[in-house]
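Notes for the structure review
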Amino acid sequence: MKAALLALVFSAAVLGAQCGDQQCRKDAPCCVKGYCNINAMYCAPFSCEPDNSLSPSSCWSTPHCVDYTADFTKPPGSGAFAQIADYKGNPSTASYVSQFEPSHANLANEQLELTLTKQSDGKGFGAVVIGTRAIQYGTVTAVVRSGCRSTGVVSSLIIRNDKIGDEIDFEFVGADKSTVQSNYYWHNELDYTKMVKSPVLPDTTEAYHTYQVVWAPDSIQWLVNGNSFRTVNRADSWDAERKVFRYPDTEAFVSFSIWDGGSGPKGTSDWAGKPIHWEKGPFIMGVKSIAVNCYFRGNETTYTPPV
């Protein structure tokens, strides 16, 4: 009986934790949403599930923040962007990668282009491009043209810890081309009442604007073209009942995305402006550049906020 129990424990240790209905093995050690593999789409820290992989160390370690500028006007191979199939885990070779395959993100026309296309079921399939280094506080500055030329299309610039659910974002919806929306979330508590729109801008689908988040331990600022239009103070997020600040403060990854909000559930589709009018395409989000300046001035120290 004791030998059988030891064998069972040893078998579990060798096979790893449960990943959906399977257990990851050495030839495919990394788990993402019930599937195991060994490439960047599964093993990169922004996707990999350490508790469900062969072992927690199967996931690639998280590269922490250093100051950088990714210039997407430069040709492929410059270190700004790579397809995830070509990424081997070294952030110096690519500041940003496509997160999924097939990839609808490419360097073209002196910019990073994220494209939303129509599938056979009538729904849209878009793109996500994500930074290869995590950031915990700092300034993120991106030069962007929205791809939301129709209702239903959503473009985003997001700083998010997907495992914890902390998020700071800019979001564009095709129902309103003259503003960008700002919001933040703590631990996946989706309080949509906190959204604040920017002042009126020239058409965000035609003009490039500079969007900036200044994220500090005590406040978050959102700016467009150098003009601040919103500030959230950590002190104002105190939840007296739970004795916690409902304020995003965990290390996160920066990403861009374009997606079909019009075919989502009712709340999402209402917000996005309902169905996409495909004849108004193409729907291409363009990013000229993004600069990240770390709160810790380029070192790899992370900060644990006080309780």
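Residues numbered from 1 in each chain as written. Predicted model: local features only at pLDDT ≥ 70, side-chain atom pairs only at ≥ 80, totals over all residues. Heavy atoms only, no water.

What follows is about the overall build of the chain. In terms of regular secondary structure, the chain is built from three helices and 23 strands. Radius of gyration (C-alpha) of the chain: 20 Å, near the 19 Å computed for a compact globule of 307 residues. Dimensions of the chain, computed from C-alpha atoms along their principal axes, come out at roughly 75 × 50 × 40 Å. For the chain, the residues scored as buried account for 49% of the 307 residues in total. (Helix = DSSP H or I, 4+ residues; strand = E, 2+ residues; numbered from the N terminus. Rg over C-alpha atoms; globule rule 2.2 N^0.38 Å. Buried < 20%, exposed > 50% of the residue type's maximum accessible area, 1.4 Å probe, protein only.)

Turning our attention to the environment of Ile 220. Within the element layout of this structure, Ile 220 appears in strand E18 (residues 219-224). Classification of Ile 220 by relative accessible area gives buried; the value is 0%. Between the alpha carbons of Ile 220 and Tyr 137 there is a distance of 9.2 Å; along the sequence they are 83 residues apart. When neighbours within four sequence positions are excluded, Ile 220 is seen to be in contact with Ile 168, Val 213, Val 214, Trp 215, Arg 230, Thr 231, Val 232, Tyr 247 and Pro 248. (Contact = heavy atoms within 4.5 Å.)

A large share of strand E11 (residues 127-135) lies buried, amounting to seven of its nine residues. In this structure, strand E7 (residues 96-98) lies alongside E11, joined through three bridges in antiparallel fashion. Bridge pairing in E11 places Ser 98 opposite Val 129. The pairing of E11 with strand E22 (residues 252-260) spans six bridges and is antiparallel. Note that in E22 the partner of Ala 134 across the bridge is Phe 253. (Pairing = 2+ DSSP bridges.)

This part takes up the pattern of salt bridges. For the structure shown, the criterion picks out nine salt bridges. Asp 176 is paired through a salt bridge with Lys 197; the nearest N and O atoms lie 3.4 Å apart. You can see Asp 176 sitting in strand E15 (residues 176-185) and its partner Lys 197 sitting in strand E16 (residues 196-197), a full 21 residues away along the chain. According to the relative accessible area criterion, Lys 197 is partly exposed, its value standing at 42%. Its salt-bridge partner being Arg 246, residue Asp 239 comes within 3.9 Å of it at the nearest N-O pair. (Salt bridge = Lys/Arg side-chain N within 4 Å of Asp/Glu carboxyl O.)

With that settled, the discussion passes to the sheet that holds E7. Pairing between sheet strands relies on hydrogen bonds along the backbone, with the strands arranged either parallel or antiparallel. With mixed pairing, the eight strands of this open sheet are ordered in space as E6-E7-E11-E22-E13-E14-E15-E16. The outermost strands of the open sheet, each flanked by one partner alone, are strand E6 (81-82) and E16. Taken together, the two bridges between E15 and E16 define a ladder with antiparallel strand orientation. Across the sheet, Ser 182 pairs through a bridge with Val 196, a residue of E16.

A few words on the nonpolar core. Counting residues in each nonpolar core, the largest one holds 49 residues, and the members touching the most others are Phe 72, Tyr 96, Leu 114 and Phe 256. The dominant element in this core, judged by the number of residues it contributes, is strand E23 (residues 283-294), at six residues. Every residue in contact with Phe 72, bar those within four places of it in the chain, is listed here: Ala 80, Phe 81, Tyr 96, Leu 107, Glu 110, Gln 111, Leu 112, Val 287, Lys 288, Ser 289 and Ile 290. Residues Tyr 42, Ala 44, Ile 84 and Ile 130 belong to the second largest nonpolar core, which totals 18 residues. (Core = buried A, V, L, I, M, F, W, Y, C linked by side-chain atoms within 4.5 Å.)

This part is about the environment of Gln 212. With respect to the helices, strands and loops of the structure, Gln 212 is situated in strand E17 (residues 209-215). Distance in space between the C-alpha atoms of Gln 212 and Gly 226 is 7.7 Å, their sequence separation being 14 residues. Contact partners of Gln 212, with chain neighbours within four places excluded, come to Thr 139, Val 140, Thr 141, Phe 170, Gln 221, Trp 222 and Leu 223.

The next thing to look at is unusual backbone geometry. For the bond from Glu 101 to Pro 102, the omega torsion is 0°, close enough to zero to count as cis. Its place among the elements puts Pro 102 in the loop between E7 and strand E8 (105-108). Cis peptide bonds are those with omega within 30 degrees of zero, and the linkage from Gly 281 to Pro 282 qualifies with 10°. Among the structural elements, Pro 282 can be located in the loop between helix H3 (266-272) and E23. Although it is not a glycine, Asn 188 adopts a positive phi angle of roughly 65°. Relative to the helices and strands, Asn 188 is located in the loop between E15 and E16.

Looking now at the side chain of Asn 183. When you line up the elements, Asn 183 lands in strand E15. Asn 183 sits in the buried class, given a relative accessible area of 3%. One polar contact links Asn 183 to Tyr 185, side chain to side chain, over a distance of 3.2 Å. Ignoring anything within four residues of it in the chain, the contact list for Asn 183 reads Glu 167, Ile 168, Asp 169, Asp 191, Tyr 192, Lys 194, Met 195, Trp 222 and Arg 230. (Polar contact = N/O pair within 3.5 Å; in protein donor to acceptor, adjacent residues only side chain to side chain.)

In this section: the packing of aromatic side chains. Going through the model one piece at a time under the given rule, you end up with 14 aromatic pairs. Consider the rings of Tyr 96 and Phe 256, whose centres lie 6.0 Å apart with planes at 50°: the pair is tilted. In this pair, Tyr 96 is assigned in strand E7 and Phe 256 in strand E22, connecting sequence segments 160 residues apart. Given a relative accessible area of 0%, Tyr 96 falls into the buried group. The class for Phe 256 is buried, based on a relative accessible area of 0%. By way of ring pairs, the aromatic residues Tyr 68, Phe 72, Tyr 96 and Phe 256 are connected into one cluster. Sitting over the face of the ring of Tyr 184, Lys 194 holds its NZ or CZ atom 3.9 Å from the ring centroid. Over the aromatic face of Trp 222 sits the side chain of Arg 230, whose NZ or CZ is 4.8 Å from the ring centroid. (Phe/Tyr/Trp six-rings, centres within 6.5 Å; stacked < 30°, edge-to-face > 60°. Lys NZ or Arg CZ within 6 Å of the ring centre and 35° of its normal.)

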